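Listed below are the residues making up each chain.
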Amino acid sequence: MTHLTKGANTPVPEGLVRVAVCRRSVPGTPVVDASALLLDATGKVRGDADLVFYNQPAHPSGAVRHTGAGEGAGLHAEWLEVDLPRVEPAVQRVLIAGSCDGGVFGQVPGLDVRVLAADGTVAAHYDVTDARNETAFVLGELYRRDGTWKFRAVGQGYDSGLAGLATDFGIAVRDEPAAPAVPDAHAVPAAPVAPAVPDPLPLGAGFVPHVQSGRGNGVVTVAAPLPPGPVIVEARIEGDEYFCVETLNRRNKKDLTVFNTELPDFHGRALVQPPRDRPLRLNVDYAGAWTITVLPLSAARRLDTRELTGRGADVIAYTGPVADVRVRFDGGADRDEWFLMNCHEAAHLDDLDRHEMLVNETGRLDQTVPVPDGPLLLVVENGEGHWELTAKPLPVHHPAPDPHPAPDPYAVPHAAPDPYAVPSPGPALHSAPDRKPAVSPSALSKESGSRPAGVYEGRGEQTVTLVNPRPGRPMLFRYDFPGAEADYRLEVKTVDEYGDETDWLTGAQHGTRGTVVAFRAGEAEQTVRVRHTGEWTLSLLPEEEAPLLTGAVEGEGSAVLRYQGPPTLLTVRRTSRGEHENVAAVALNHPYGKSALIADTDFRRRPALGPVWVDPGGACFVVVRAVEGVKWELEPQPLDAAPVLDGRTRGGWYGVVRHEGPERELVIVGTALTHVFELDENLFPHRQLTASSGPHRISRSLLQVRSLGEWVLELRD
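Residues numbered from 1 in each chain as written. Predicted model: local features only at pLDDT ≥ 70, side-chain atom pairs only at ≥ 80, totals over all residues. Heavy atoms only, no water.

**Focus: the overall build of the chain**
Helix and strand counts for the chain stand at two helices and 55 strands. The buried share of the chain, reckoned over its 717 residues, is 50%. As presented, the chain carries roughly 33,000 Å² of accessible surface, and 50% of it is formed by carbon and sulfur atoms. (Helix = DSSP H or I, 4+ residues; strand = E, 2+ residues; numbered from the N terminus. Buried < 20%, exposed > 50% of the residue type's maximum accessible area, 1.4 Å probe, protein only. Areas by Shrake-Rupley, 256 points an atom, 1.4 Å probe, with all protein chains shown as cover.)

Here's what the structure looks like:
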């Protein structure tokens, strides 16, 4: 370690260096934020992007990043990474600065800056001992000299904060508007602010990275407590021997594989979930030199509209809107390597098994995959070759302006409420002392007091592109085909980018007017093909217009209700007495767009019991499918309303049963086509059992039965 005095310098290793701006962890002391400025030969930045700080955490070149903060060993550190070989030739110096919030630097105990090599050794250390009333400090700088990089301890203070420091080096800082002529006694004057920049990565808490190096087989132990959630494990090796890293379980046995490669001079990253009740331990199997670094999620490389390149395993953050990501892979050295990339959404980072596989191919590839809105992580699990990723956010289009505009339905005249708060039931759901709340297809209409987000009118067969006024969220879709017959000649189909059609709604099942869910996965646009000879009107309404299902409810025709409770059972009953009338209900969860059938009355008045699947990371809708004039009733039921399986349990059509004993053998006996679905903890049907493939071994669980007639479930030892 090289300790520097003010003005001294020392060479630093080539490659990636990490810079820590540190202070002692003492409660009540001012907060210190680290930043970096990239300067050209004139000593100025080339533009606003050359300032990297907590609110603009990555330089467009990828050479400099703000990777978050962490605590450890009695210190608080703000971390910057500088990949020296990637610093553009026009950049001659990288200034390391700090700004003070809630005080001055003279009140900051133990202020210092450290430069760490890739193997974790400290290459330079400068203690600041002369700080007084400054609110910003140039602590040091990395600079080029005769083809090498050096670090100099600067120690220059400013009393005008980060804005004043940035101005000194060429960043045009915007001033706030002048104060009014008569000052407000309660107003707080605002200081100049730095340029508006994107928010930091909201994926996980920061911590001081753990770095450990070795040669030959070894064990890495992260003794310091880690915050909840996954971490990034980065590995670097020298040589081309077989390299493997695995987690160790409670019994100190090898558990999950983190890296498994024969790539020469491998450098890769993986996503790992540390145990909550003990230190994270990793077993390293390698003959040569290696370095393992455990990093916070803020250290993930960022994917934006610029091309991001890599080689091998990596963890990439995407924080933009819904997008298509172009993936190109060169196939590796043999042109036949395996490329696997998964998507982990922020809502499910506590369970790394809950991810979506985006690419799973071998050999060269050039394809495009869709991703939802961020924040999320794209994890290249396997990719032993060079790859490129480019994100293309979907365009957001707006309907043509209405010549007679109505008030904005989302405008709030006073303080805006929480956008996810549940509004009180309006005209679409009303109670009476002597009957249950009622829902009808016309409840969600223009006359209900809210202007639709988009109205599409036409006549005859047409293809229409629906535009989502709130990309990333679903919308209600109200349709009206006046004068049409409720039969299969009336159809609306969705159309994908290749022109392929998928059934969406038909007159025979949904009627000529009613409500369904559009943009079920939050798409920005959705193309539909209307097949009808007469006039039609399609309207988009906000999801909050759907009545909230909290108890028994009556309705008519196709309708949508919101459900915000835990997974539950639901009784579906047709109450009208006409012939050839049917009612079906489906649970649909946003943002995944998945749905699961709750129950189908199969043209009978006999009530059907079914499960309401609720994904804990989504928003659940109960979609009722019926033609206009068909009346129905829904009523939530507790899970113990399902009968318990005994030796031979009889039933008919749709139902739910419980198995509460030890693991047994189940045989399905049906007089008609019968399927039994084993439900998971969220009541999603994850395993299908049939009579032809039995007998089946079942453990304690809820089972949904779907049949076209009577059935018998028989338990055997």
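**Observations regarding the layout of surface pockets**
For the second largest pocket, the calculated volume is near 850 Å³. Around the second largest pocket, the lining is made up of 39 residues, and of these L256, T257, V258, L271 and V272 lie nearest the centre. Breaking the lining of the second largest pocket down by element, the ones donating at least two residues are β16 (243-248), β17 (254-261), β18 (267-272), β19 (280-285), β25 (338-345) and β28 (376-383). The biggest single contributor to the lining of the second largest pocket is β17, with seven residues. For the lining of the second largest pocket, the per-class residue count stands at 18 nonpolar, 13 polar and eight charged. (1 Å grid on protein atoms, 1.4 Å probe; cavity = no way out; pocket = protein on both sides within 12 Å on 5 of 7 lines; lining within 4 Å. Points joined across faces, edges and corners; volume = space filled by probe spheres on them. Nonpolar A, V, L, I, M, F, W, Y, C, P; charged D, E, K, R; others polar.)

**Observations regarding the sheet that holds strand β49 (residues 655-659)**
Read across the open sheet, the four strands follow the order β49-β54-β51-β52; overall the sheet is antiparallel. The open sheet terminates on both sides in strands that have one partner only, identified here as β49 and β52 (685-690). Pairs of neighbouring strands in the sheet enclose a mean axial angle of 30 degrees, with direction left out of account. Summarising the sheet, strand β51 (residues 674-679) and strand β54 (residues 701-707) pair through five bridges and their orientation is antiparallel. Within the sheet, the bridge partner assigned to T674 lies in β54 and is S707. (Pairing = 2+ DSSP bridges. Axes fitted to C-alpha atoms, helices over the stretch in contact; angles between N-to-C directions.)

**Things to note about the sheet that holds strand β43 (residues 584-590)**
With respect to topology, four strands assemble into an open sheet ordered β41-β46-β43-β44, the strand pairing being antiparallel. Of all the strands in the sheet, the pair left with one neighbour each is β41 (559-563) and β44 (594-600). The mean angle between the axes of side-by-side strands here comes to 25 degrees, regardless of whether they run parallel or antiparallel.

**Remarks on unusual backbone geometry**
Of all residues except glycine, most have a negative phi; of all peptide bonds, most are trans. Residue G374 is joined to P375 through a cis peptide bond whose omega torsion reads 10 degrees. Inspection of the secondary structure assignment puts P375 in the loop between β27 (365-371) and β28. Here F519, not a glycine, exhibits a phi torsion of approximately 50 degrees, which is positive. Mapped onto the secondary structure, F519 falls in the loop between β37 (513-518) and β38 (525-531). On the accessibility criterion, F519 (0% relative accessible area) is buried.

**Section: the side chain of D112**
Here D112 is to be found in strand β9 (residues 112-116). Given a relative accessible area of 3%, D112 falls into the buried group. There is a polar contact of 2.9 Å between the side chain of D112 and the side chain of R114. Here D112 is in contact with A20, V21, C22, H125, Y126, D127 and V128, once residues within four sequence places are set aside. (Polar contact = N/O pair within 3.5 Å; in protein donor to acceptor, adjacent residues only side chain to side chain. Contact = heavy atoms within 4.5 Å.)

**With respect to the pattern of salt bridges**
Tallied over the full model, the rule gives 37 salt bridges. Linking D487 and R489 is a salt bridge whose minimum nitrogen-to-oxygen distance equals 2.6 Å. Accessibility expressed as a relative area gives 65% for R489, which makes it exposed. Among the salt bridges present, the one from R648 reaches E714, with a minimum N-O distance of 2.3 Å. Residue R648 is located in strand β48 (residues 648-652), and its partner E714 is located in strand β55 (residues 710-716); the two are separated by 66 residues in the primary sequence. Classification of E714 as buried rests on a relative accessible area of 15%. Residues participating in the shared-partner salt-bridge network are E461, E491, K493, E501, D503, R529 and R531. (Salt bridge = Lys/Arg side-chain N within 4 Å of Asp/Glu carboxyl O.)

**Quick word on the confidence of the model for the chain**
Averaged over every residue, the pLDDT of the chain is 82; residues scoring 70 or more account for 86%. Within the model, pLDDT remains below 50 along residues 174-201, and this stretch shows 32 contacts once partners closer than five positions in the same chain are excluded. Scored below 50 in pLDDT, residues 397-401 makes five contacts in the model with residues more than four places away or belonging to other chains. (pLDDT = per-residue confidence, 0-100.)

**Some words on the packing of aromatic side chains**
In the structure shown here, the tally under the stated rule is nine aromatic pairs. With a centroid separation of 5.4 Å and 70 degrees between ring planes, the pair formed by F105 and F137 is classed as edge-to-face. Residue F105 is found in the loop between β8 (93-101) and β9, and its partner F137 is found in strand β11 (residues 136-145); the two are separated by 32 residues along the sequence. Each member of the pair, F105 as well as F137, carries the same accessibility label: buried. (Phe/Tyr/Trp six-rings, centres within 6.5 Å; stacked < 30°, edge-to-face > 60°.)

**Structural notes on empty space enclosed by the protein**
Gaps left between atoms are located by rolling a probe of water-molecule size over the structure's atoms. This structure, assessed with the given rule, holds two cavities of 30 Å³ or more. Computed from the structure, the largest cavity encloses a volume of approximately 50 Å³. Around the largest cavity, the lining residues are D600, T601, R604, R606, P607, A608, G652, W653 and Y654. Within the lining of the largest cavity, the residues separate by chemical class into four nonpolar, two polar and three charged.

**Quick look at the environment of L308**
Turning to its location among the elements, L308 is positioned in strand β22 (residues 308-311). Given a relative accessible area of 9%, L308 falls into the buried group. Residues L308 and E388, 80 residues apart in the sequence, show an inter-C-alpha distance of 5.6 Å. Non-local contacts of L308, meaning those with residues more than four positions away in its chain, are made with R301, R302, L303, I316, W387, E388 and L389.

**As for the pairing of β44**
Across six bridges, β43 lies against β44 in antiparallel orientation. In the strand pairing of β44, A584 is matched with D600. Hairpin geometry of β43 and β44 is characterised by an intervening segment of three residues between the two adjacent antiparallel strands and by a positive phi of about 75 degrees at G593.

**A few points about a negative patch on the surface**
Taken together, E238, D240, E241, E262 and D265 make up a surface patch of like negative charges. By the element assignment, E241 lies in the loop between β15 (231-237) and β16. (Patch = residues over 30% accessible without salt bridge, like charges linked within 9 Å, V, L, I, M, F, W, Y side chains within 5 Å. Lys, Arg positive; Asp, Glu negative; His and termini not counted. Charge placed at Lys NZ, Arg CZ, Asp CG, Glu CD.)

**With respect to the side chain of T67**
As for its position among the elements, T67 is in strand β6 (residues 64-72). Not counting chain neighbours up to four residues away, the residues in contact with T67 comprise W79, L80, E81, P296, S298 and A299.

**Focus on helix α1 (residues 161-168)**
In terms of residue burial, α1 counts as a mostly covered element, since six of its eight residues are buried. All buried positions along α1 are accounted for by G161, L162, A163, G164, L165 and A166. Among the structural elements, β4 (31-39), β8, β11 and β12 (148-158) are those in contact with the buried residues of α1. One or two residues past the end of α1 sits G170, with phi positive at roughly 100 degrees.

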